[in-house]
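Given next are the chains, with one letter for each unit.
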Amino acid sequence: MVSTEEAVKTIEIRGFLHLASLFKERGWISPLTLSIDGDVSGKQLLDMLEISENQVEAVFINGKAYPLASARIKSGDRVALVPPGTPGPYRVFLGFVEI
């Protein structure tokens, strides 16, 4: 059983589309639980997971989309990684691209 103190220092991560396949190839469960120490950027998270930046266009944090460059993740967050390929207007509508 995970203590409350330990649970606060973790995040849940899911991958969509080909990223879900990558999780499976690496033997990761979904959601993947990852311990973090403080806040991390989207780039830092990808570095921790050894996932290339060109494989992720946006990050959902607790149900809200953020461009990878502006994503800030903190303990307790639920995170989903979204690969490139979402049709143009939806990228703006969902917040993948800031205009």
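Now for a look at the structure at hand. Since the model is a prediction, treat every value here as computed from it, not as a measurement.

## As for the packing of aromatic side chains
Here is step 1: The tally for this structure, following the rule as stated, stands at one aromatic pair.
Here is step 2: Measuring from centroid to centroid gives 5.0 Å for Phe 23 and Trp 28, while their planes differ by 80°, and the two rings are edge-to-face.
Here is step 3: Residue Trp 28 is classed as partly exposed on the basis of its relative accessible area of 23%.

## Re the pairing of strand 2 (residues 32–35)
For a regular strand, side-chain orientation follows a simple rule: the groups alternate between the two sheet faces.
Here is step 1: On strand 2, burial follows the alternation: Leu 32 and Leu 34 on one face are buried, whereas Thr 33 and Ser 35 on the facing-out side are not.
Here is step 2: Here four bridges tie strand 1 (residues 10–15) to strand 2, and the two strands are oriented antiparallel to one another. Looking at strand 2, one finds that Thr 10 is bridged to Ser 35.

## What to know about helix 3 (residues 42–49)
One turn of an α-helix holds 3.6 residues; hence residues three or four places apart share an orientation.
Here is step 1: Three or more residues of helix 3 are buried, namely Gly 42, Leu 45, Leu 46 and Leu 49. Taken down its axis, helix 3 places every buried residue within 100° of arc, on the same side.
Here is step 2: Contact partners of the buried residues in helix 3: strand 1, strand 2, strand 3 (40–41), strand 6 (72–73) and strand 7 (78–82).
Here is step 3: Of the residues trailing helix 3, Glu 50 is marked for its positive phi of about 55°.

Basis of the calculations
Residues numbered from 1 in each chain as written. Predicted model: local features only at pLDDT ≥ 70, side-chain atom pairs only at ≥ 80, totals over all residues. Heavy atoms only, no water. Phe/Tyr/Trp six-rings, centres within 6.5 Å; stacked < 30°, edge-to-face > 60°. Buried < 20%, exposed > 50% of the residue type's maximum accessible area, 1.4 Å probe, protein only. Helix = DSSP H or I, 4+ residues; strand = E, 2+ residues; numbered from the N terminus. Pairing = 2+ DSSP bridges. Arc of directions from axis to C-beta. Contact = heavy atoms within 4.5 Å.

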